[in-house]
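Summary of structural features
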Amino acid sequence: MIDGRQRTIIKVFRKYSHSLGPEALQFLEEILDRHGIQDEDVEFSIETIAREYNKQDDAVMKVSLDILRRVYDSLQDQGADDAKSELLDPDSHLYVIDAFEMPPWNWSHERGTFERSAVPPTIAGTAESRINAIRNRLFVIRQSILRNEHFCPSTIPSRDREHLVTLKSSKQLLGRAGERFLLLGMLVHNNEGSLCLEDADGNVVLDLSKLDGPGEGLYTEGCIALVEGEYTKDGTLEVIAIGQPPCEDRETARSIYGHIDFLGKGSTTLLEDNQYARRVREELSDVYFFFLSDVWLDNPGTFVGLQKMFDNCIENNFIPRVIVMCGNFTSRSIAQGSARDIQRYHENFDALAQLIASYPQITRITHFVFVPGPLDLTSNATLPRRPILSSFTSQLKAKIPRVHLTTNPCRLKFFAQEIVVFREDTMARMLRNTVEVKPNVSGEDLRRYVRVQLFCSFRSLVRCHQLVQTLLDQSHLTPLTSQVQPVSFDFDHSLRLYPLPTAVVLADRYEKYKLTYSGCHVFNPGGFVGSSSTFSTYCPAEGSSEEG
């Protein structure tokens, strides 16, 4: 008879697709008894061992007792190492990652893991680029769903098996009218204008007439959705429920794919991540990042606000390690402007470089990161967007020693943390392209979020929740069709939010907000325009942001 402890041990290893024999199970129980682990701490302790086992190169699906002993001995040695370590150097662990420099990792359906593309990505792409990008989105979400406790079958006979949810494919619907199915696919419109669900095997027309209301989130053409319904004789799916795919937290994804270097700056183990996180909290609690959006250089008030911000930093001895300035750097589009408009755009960047260079105490320490906005002059209009043209930023590079002219989106890697910075009017674009009106969310529904602190109305609060949940559940910054949001498909991986980042900066024209969902902190710093000159400060030690 399996007791509670054994059930927990088996459940944890099953999450990593491993099965336990009687000897391995007994060895793990002995470890728990040897260290006096209480029942409430069993899952956490076994999780640590299971993660390390999963990272071993010779790990097999049925847990090997020899490898398990080796993992345990390694963890013991690490715990016994009390040698003093060197002080952390923030600069040596800070990387600004260009979207076009991220290695292209694609999901291999045959191998069941990520595989680095052997073909170098190009802006033009190939005939298969769009198909591969969409399939990657679908399969990345699908593989995480199949690990979810509601979809993963238990190896232990129990009543829970009766409530197991099974995903089906669209090809399995044929000839089975009157039966109920749960499908995962992309919401699209067919040539007749009907809403369909499309997966890797085909598509089916959706009948939403009996749907009371969709689940939480925003539903747009191009997003991935879970749809439950009854297949009819007319060849349609009579939908009774529709929802966003469940979000897999960063720790779970990193524990499985920790050996993959998604950012191209070297991979770290989950144990190393935890050690870095602890030391950052202890040693670098005074490190802060500033995030500014809509820094309109053609508005005189912007320079007044920047000067005030820099003066406050000097007076209070509060110099940030990073200042990220997001576009737009102009209040109106000048892509089709006159020569005078282009010249003024250039002069504004020169004036900004001169202002920043007048604060040597800041430039000696601070990294300045410039992210283009939709109205800024870059060499391409699709996402990811290349940096601002170098002809306008020559003075920035000449006068500021630590300047990074990067892409939109870009990423900051700081020790174990990954921060995604994205400047786009995402809220307006998503709301304009919803395919279904979402009913009002009650206050009770808001309690499922970990922490919420917003500076806007209740209606805006709900919209912020919907947007953040949708993007993180979709594991993508733009879950829209290419007609709505053009994307360079060979670089679609740079828009992916998997594994879930530590933080996402959604620099938007929408109202300022911040919230945490599935352990990922998401915030909009608001516009650095007008008399308010608002911005956000992010503290890596705490993993949270505050209004600047």
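Residues numbered from 1 in each chain as written. Predicted model: local features only at pLDDT ≥ 70, side-chain atom pairs only at ≥ 80, totals over all residues. Heavy atoms only, no water.

Some thoughts on the pattern of salt bridges
- Per the counting criterion, the structure on display carries 25 salt bridges.
- For the salt bridge of aspartate 33 with arginine 5, the shortest nitrogen-to-oxygen distance reads 3.3 Å. Here aspartate 33 is found in helix α2 (residues 22–34), whereas its partner arginine 5 is found in helix α1 (residues 4–15), with 28 residues between them in sequence.
- Arginine 5 sits in the buried class, given a relative accessible area of 19%.
- In this structure, the salt-bridge partner of arginine 51 is glutamate 251, at a minimum N-O distance of 2.5 Å. Of this pair, arginine 51 sits in helix α3 (residues 42–54) while glutamate 251 sits in helix α6 (residues 250–257), and the two are 200 residues apart along the sequence.
- The class of arginine 51 is buried, set by a relative accessible area of 8%.
- Connected via shared salt-bridge partners are Asp294, Arg423, Asp425 and Arg509. (Salt bridge = Lys/Arg side-chain N within 4 Å of Asp/Glu carboxyl O. Helix = DSSP H or I, 4+ residues; strand = E, 2+ residues; numbered from the N terminus. Buried < 20%, exposed > 50% of the residue type's maximum accessible area, 1.4 Å probe, protein only.)

Side note on the side chain of threonine 378
- Inspection of the secondary structure puts threonine 378 in the loop between β11 (367–371) and α11 (394–399).
- At a separation of 2.7 Å, a polar atom in the side chain of threonine 378 contacts the main-chain carbonyl oxygen of asparagine 380.
- Once you skip the residues sitting within four places of it in the chain, threonine 378 turns out to touch Pro372, Arg385, Arg386, Pro387, Ile388 and Leu389. (Polar contact = N/O pair within 3.5 Å; in protein donor to acceptor, adjacent residues only side chain to side chain. Contact = heavy atoms within 4.5 Å.)

Digging into the sheet that holds strand β8 (residues 236–243)
- Pairing in this closed barrel of five strands is mixed, and the strands run β4-β5-β6-β8-β7 around the ring. Across the sheet, the mean angle separating the axes of adjacent strands is 55 degrees when strand polarity is ignored.
- The pairing of strand β5 (residues 195–199) with strand β6 (residues 202–207) spans four bridges and is antiparallel. Note on β6: the bridge partner recorded for cysteine 196 is valine 205.
- Where helix α5 (residues 129–145) meets the sheet, its contacts fall on β4 (180–189), β5 and β7 (224–231), and the angle it forms with β4 comes to roughly 150 degrees. (Pairing = 2+ DSSP bridges. Axes fitted to C-alpha atoms, helices over the stretch in contact; angles between N-to-C directions.)

Observations regarding the nonpolar core
- Counting residues in hydrophobic clusters, the biggest one holds 35 residues, and the most contacted among them are Phe13, Leu28, Ile46, Ile49, Leu68, Phe114 and Tyr257.
- For this core, the secondary-structure elements that each account for two or more residues are α1, α2, α3, α4 (65–80), β2 (105–108), α5 and α6.
- Here tyrosine 257 is in contact with Trp107, Thr113, Phe114, Gln143, Arg147, Phe262 and Tyr498, once residues within four sequence places are set aside.
- Counting residues in each nonpolar core, the second largest holds 31 residues, with Val295, Phe310, Phe349 and Leu377 among its members. (Core = buried A, V, L, I, M, F, W, Y, C linked by side-chain atoms within 4.5 Å.)

Some details on the packing of α1 against α2
- Where α1 meets α2, the closest approach of the two axes is 11 Å, and the angle between their N-to-C directions is 115 degrees. Between α1 and α2, the angle falls in the class roughly perpendicular. Here α1 and α2 pass one another in a crossing that is right-handed. Contacts between α1 and α2 involve Arg5, Gln6, Ile9, Ile10 and Phe13 from the former and Leu25, Leu28, Glu29, Leu32 and Asp33 from the latter.
- Its residues assigned to classes, the contact of α1 with α2 comprises six nonpolar, one polar and three charged. (Parallel < 35°, antiparallel > 145°, perpendicular 65-115°, else oblique. Left-handed = near helix turned anticlockwise from the far one by under 90°. Nonpolar A, V, L, I, M, F, W, Y, C, P; charged D, E, K, R; others polar.)

Things to note about the confidence of the model for the chain
- Within the chain, residue pLDDT values average 89, and 91% of them lie at 70 or more.
- Low pLDDT, under 50, characterises residues 437–456; the predicted model gives this stretch 46 contacts beyond four residues in sequence or across chains. (pLDDT = per-residue confidence, 0-100.)

Topic: the packing of α2 against α3
- In the contact formed by α2 and α3, the axes pass within 11 Å of each other and the chain directions differ by 125 degrees. Put simply, α2 runs oblique to α3. Between α2 and α3 lies a crossing whose hand is right-handed. Where α2 approaches α3, its residues Leu28, Ile31 and Leu32 are matched on the opposing element by Val42, Ser45, Ile46 and Ile49.

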